[in-house]
Amino acid sequence: MSLQNVTLHVPPKDKLSGRLDVLMMVSGFLLALFVGMHMVFVGSVIISPKLMNALAWFFEELYLVQIGGPVILLVMVGHFILGARKMPFRQKEYVAFRAHSKMMHHTDTTLWLVQVATAIIILVMASIHIYTMLDTLPITAAKSAARIQHGNWMPFYIVLLAAAAIHIVIGLYRIGVKFAVVTRENRPKARKFMVYLLVAAAVISFLTHIRLSLLTI
Ligand code: HEM
């Protein structure tokens, strides 16, 4: 297909679409904040399983898990629906999107395609994960360790973590560009910072898995 014939229909932005964009950004930011806190919470097992148990007990006593779990799931589905307005689901849209992306050598449009793919993975896998967690309360380090040691959940978590970390880092980067925190000048620095964030997530997750794998249950 000739690139000159490729057109992307971009309708003018109306007020509603602008508001939905803000809602998508706010919900995405809150979800990113949740995943960051969740990593610290689960990662507390690295210091001590007792600490993880105490934190889980505290959150469950306050019903933060029982109520917060379904709320997170709803926010996640809502965030996905808001993002789906812009996803190139139809074959024609996808072909046009790819062609534009290649023509312009535009990393940002390629990053958007990565966002679409990781969003679908997160939606499916995090839904399964949250359902499993809520179905097997209370949360304890021993139960988490049993899932890793005997339940074959490690590959599942590695894929979920990779998708979530990549999606969050790209999302934060795009928010930074939108608010001109990331500018043409500091773009390479911002990208480096995002890579550091990814590495930090991978290290915490790696140590969490090692600790859960070695825990005597
Ligand atoms: C609100 C509901 C959630 C609860 C109660 C929860 C709880 C937990 C617990 C207890 C573990 C330890 C492993 C286990 O017990 O099997 C875990 C691991 C994990 N969770 Fe969640 N989680 C929730 C939501 C999420 C979401 C929304 C994501 C990502 C989008 C996520 C990603 C992960 C990952 C990747 C791991 C593996 C450990 C790691 O690599 O850091 N969780 N979660």
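Residues numbered from 1 in each chain as written. Predicted model: local features only at pLDDT ≥ 70, side-chain atom pairs only at ≥ 80, totals over all residues. Heavy atoms only, no water.

1. Describing the environment of Arg187
Along the chain, the position of Arg187 falls in helix 8 (residues 187–214). A relative accessible area of 26% means that Arg187 is categorised as partly exposed. The sequence separation of Arg187 and Met52 amounts to 135 residues, and the corresponding C-alpha distance is 38 Å. Once you skip the residues sitting within four places of it in the chain, Arg187 turns out to touch Asp108, Tyr173, Val177 and Val182. (Helix = DSSP H or I, 4+ residues; strand = E, 2+ residues; numbered from the N terminus. Buried < 20%, exposed > 50% of the residue type's maximum accessible area, 1.4 Å probe, protein only. Contact = heavy atoms within 4.5 Å.)

2. Observations regarding the site of the ligand
The immediate surroundings of the ligand are formed by 18 residues, with His38, His129, Ser144, Tyr157 and Ser205 found nearest. Contact between the ligand and His129: a nitrogen atom at 2.8 Å from a side-chain N or O atom of the residue. The separation between an oxygen atom of the ligand and a polar side-chain atom of Tyr157 is 2.4 Å. Residue assignment for the shell around the ligand shows that the elements contributing at least two residues are helix 1 (15–47), helix 3 (64–84), helix 5 (107–135), helix 6 (141–150), helix 7 (154–178) and helix 8. (Near = heavy atom within 4 Å. Polar contact = N/O pair within 3.5 Å; in protein donor to acceptor, adjacent residues only side chain to side chain.)

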